[in-house]
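A look at the structure
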Amino acid sequence: MHDKTLTELAACLAAGEFTSRELTESLLARIDRLDGEINSLITVTPDAAREAADRADAARAKGEAGPLTGLPLAIKDLFCTDGVLTTAGSRMLANFVAPYDASVVERLKAAGTVSLGKTNLDEFAMGSSNENSHFGPVKNPWDLAAVPGGSSGGSAAAVAAGLVPAAMGTDTGGSIRQPAAFCGITGLKPTYGRVSRWGIIAYASSLDQAGPMARTAEDCALLLNAIAGHDLRDSTSVARGVPDYTEELAAPLSGLKIGLPREYFGDGLDPEVESAVREAVKVYESLGATVREVSLPHTHYAIPAYYVIAPAEASANLSRYDGVRFGHRCEAPTDLIDLYERSRAEGFGEEVKRRILIGTHTLSEGFFDAYYKKAQQVRRLIRQDFLDAFEEVDVLMGPASPTPAFDLGARKDPVSMYLQDIYTIAVNLAGIPGISVPAGFAGGRPAEGRPVGLQILGTHFAEARLLNVAHRFQQATDWHLRRPAFAEENA
Ligand code: GLN
């Protein structure tokens, strides 16, 4: 059961091959047996899962099952979950039990899904390797010496290890697409505003977006159907109808115009990653697409602009964790200042502190115009690059990450970690959607290498098109069917 997609599991449940309760028990047992090694889940919720599974089975017996009824998944521990620990991967929130569900969680529950638990992540979603978690690093099921990517590393690893068929992630600068690429699964970052941010612990509010991580584009479409849509509680969520994302999945690709951004194939790109991506593009040509080179001339400024904007927004969002209103409180404070200082010093990890300092600095008087305002102007140019490119082509393709998964502990200085985001971050600055799909292996370690992700980008609200383009690739290739030895040996 652990090997199947959501779509396959839904068919099994509908055919009565097994119940949601049986499926849930089997995956809970697997988590119990294997997650000690992977560390993909911070909290497992067996009782709530059993209850939800029983409710789903009862609904099915009454003929009231929808497409997701009884299907198990896991949720990044950045989404508030009513009555369940919600840590954001931080010591600051190590004891925080959320008093309500995030909108996404509410919608997933209403759709009848069964959450098995909360997945590990980089603290407050800041990172590209999951090594910034207070709850310890996550291991990549393809090679336990490698990172799973970040910040949604727990979600990606849990799916790759066969602990859950799908998981929710969030993506502020690449945190769905890069871990999906590193773990050989499919991950979609929707258009900014497509999915409600309400109840998701904020990192950089103008960039944060939730999305599905699963084995296939088809499964991502099913999940997006459930989570997308306007929400009055999130003022940036967009009042726009939600199509059925499964409807266009199989549409033919003849005439599809693909653009390859020149800047995504330059220095720093691992040659084996490049050749896997170019092979994938050839598959599209064989499906009737045409390919041309395009340019996104301001790509070079995306990382500097992001690392001004995201820390600025983070420093504002994280000011609420003061040990009084929210978060960890130090022992025996001598006065209020001591309480603030020690609570924050103890509660936050290194990377989070670095970003709070950067953000506080760039927002301070005398620096605001030089940094934050300038970065916002650059952001405009980056967005315009994409809009210009989409005048010429339907989708853009390139690597999700310049390298396959690197070794745990291999990237010590923050800048080399930030460079991981080079192909993903501009997408968040522009607000457009992107998906990463498995497209081969690179690196020769272990023998077959580590997974490579093909990134496909579309214009605002082009999710249906992206899912269609990804799905057709998955019908023509079998990269998404490969499973890590870890999952197979532990079948
Ligand atoms: N790696 C980027 C960062 O550290 C992006 C993280 C994310 O998308 N949440 O900020």
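Everything here concerns the structure above.
Below, the structure is looked at part by part. (Residues numbered from 1 in each chain as written. Predicted model: local features only at pLDDT ≥ 70, side-chain atom pairs only at ≥ 80, totals over all residues. Heavy atoms only, no water.)

**Let's talk about unusual backbone geometry**
The omega torsion across Gly150 and Ser151 is 0°, close enough to zero to call that bond cis. A positive phi angle, near 50°, is found at Phe124, a position not held by glycine. Given a relative accessible area of 1%, Phe124 falls into the buried group. Unusually for a residue other than glycine, Ala125 sits at a positive phi of about 70°. Among the residues examined, Ala125 registers a relative accessible area of 4% and is labelled buried. (Buried < 20%, exposed > 50% of the residue type's maximum accessible area, 1.4 Å probe, protein only.)

**Comments concerning the site of the ligand**
The full set close to the ligand counts 15 residues, and Gly173, Ser175, Tyr203, Tyr306 and Arg355 are the nearest of them. The backbone of Thr172 places a nitrogen or oxygen atom 2.8 Å from an oxygen atom of the ligand. Contacts to the ligand include Tyr203, whose side-chain N or O atom sits 2.6 Å from an oxygen atom. Relative to its unbound accessible surface of 290 Å², the ligand loses 100% to contact with the protein. Taking a 2 Å distance to the grid points as the criterion, the majority of the atoms of the ligand fall inside the largest cavity. (Near = heavy atom within 4 Å. Polar contact = N/O pair within 3.5 Å; in protein donor to acceptor, adjacent residues only side chain to side chain. Areas by Shrake-Rupley, 256 points an atom, 1.4 Å probe, with all protein chains shown as cover. 1 Å grid on protein atoms, 1.4 Å probe; cavity = no way out; pocket = protein on both sides within 12 Å on 5 of 7 lines; lining within 4 Å. Sits in = over half its atoms within 2 Å of the grid points.)

**A look at the sheet that holds strand E10 (residues 434–442)**
Across the sheet, which stays open at both edges, the 11 strands sit in the order E1-E3-E2-E4-E6-E5-E10-E11-E9-E7-E8 with mixed pairing between neighbours. A single partner strand is all that each edge strand has here, and the edge strands are strand E1 (41–44) and strand E8 (290–294). On average, each strand axis in the sheet is tilted by 30° relative to the strand beside it, whichever way the strands run. The sheet contact formed by strand E4 (residues 166–170) and strand E6 (residues 210–214) spans five bridges and is antiparallel. Considered in E6, the bridge of Thr170 is made with Ala210. Set on the sheet, helix H2 (residues 20–38) makes contact with E1, strand E2 (72–76) and strand E3 (114–119); between it and E3 the angle comes to about 20°. (Pairing = 2+ DSSP bridges. Helix = DSSP H or I, 4+ residues; strand = E, 2+ residues; numbered from the N terminus. Axes fitted to C-alpha atoms, helices over the stretch in contact; angles between N-to-C directions. Contact = heavy atoms within 4.5 Å.)

**Looking at the nonpolar core**
Counting 141 residues, the largest nonpolar core has Phe124, Tyr284, Phe386, Met397, Ile456 and Leu467 as the members making the most contacts within it. The leading source of residues in this core is helix H9 (residues 302–317), at 10 residues. Those residues in contact with Phe124, other than ones at most four positions away along the chain, are Leu78, Ala88, Ser90, Met92, Leu93, Ile201, Tyr203, Leu318, Tyr321, Phe348 and Val352. Val147, Phe182, Phe406 and Met417 belong to the second-largest nonpolar core, a separate cluster that totals six residues. (Core = buried A, V, L, I, M, F, W, Y, C linked by side-chain atoms within 4.5 Å.)

**Observations regarding the packing of aromatic side chains**
Inspection of the entire model under this criterion finds 14 aromatic pairs. Ring centres 6.4 Å apart and planes at 85° place the aromatic pair Tyr321 and Phe348 in the edge-to-face group. One end of the pair, Tyr321, is in the loop between H9 and helix H10 (336–347); the other, Phe348, is in the loop between H10 and helix H11 (350–363), and 27 residues separate them in sequence. Accessibility expressed as a relative area gives 5% for Tyr321, which makes it buried. Ring plane angle 65° and centroid distance 5.9 Å describe the contact between Phe441 and Trp479, whose orientation is recorded as edge-to-face. Taken together, the positions of Phe441 in strand E10 and Trp479 in the loop between helix H15 (463–476) and helix H16 (485–489) put the pair 38 residues apart, joining distant regions of the chain. Note on Phe441: relative accessible area 19%, which makes it buried. Taken together, the ring pairs connect Phe124, Tyr321, Phe326 and Phe348 into an aromatic cluster. For Arg233, the ring lying beneath its charged end belongs to Trp198, and the centroid distance is 3.9 Å. The aromatic ring of Phe265 is capped on one face by Arg278, whose charged end is 4.4 Å from the ring centroid. (Phe/Tyr/Trp six-rings, centres within 6.5 Å; stacked < 30°, edge-to-face > 60°. Lys NZ or Arg CZ within 6 Å of the ring centre and 35° of its normal.)

**A few points about the pattern of salt bridges**
In total, this model carries 24 salt bridges according to the counting rule given. The residue Asp234 makes a salt bridge to Arg197 at a minimum N-O spacing of 3.4 Å. One end of the pair, Asp234, is in the loop between helix H7 (217–227) and strand E7 (257–261); the other, Arg197, is in the loop between strand E5 (186–189) and E6, with 37 residues separating them in the sequence. Like Asp234, the residue Arg197 is buried in the burial classification. A salt bridge links Arg233 to Asp231, with the nearest nitrogen and oxygen atoms 3.4 Å apart. Looking at Arg233, the relative accessible area reads 38%, which means it is partly exposed. Through salt bridges with shared partners, one network takes in Arg21, Glu25, Asp47, Arg50 and Asp54. (Salt bridge = Lys/Arg side-chain N within 4 Å of Asp/Glu carboxyl O.)

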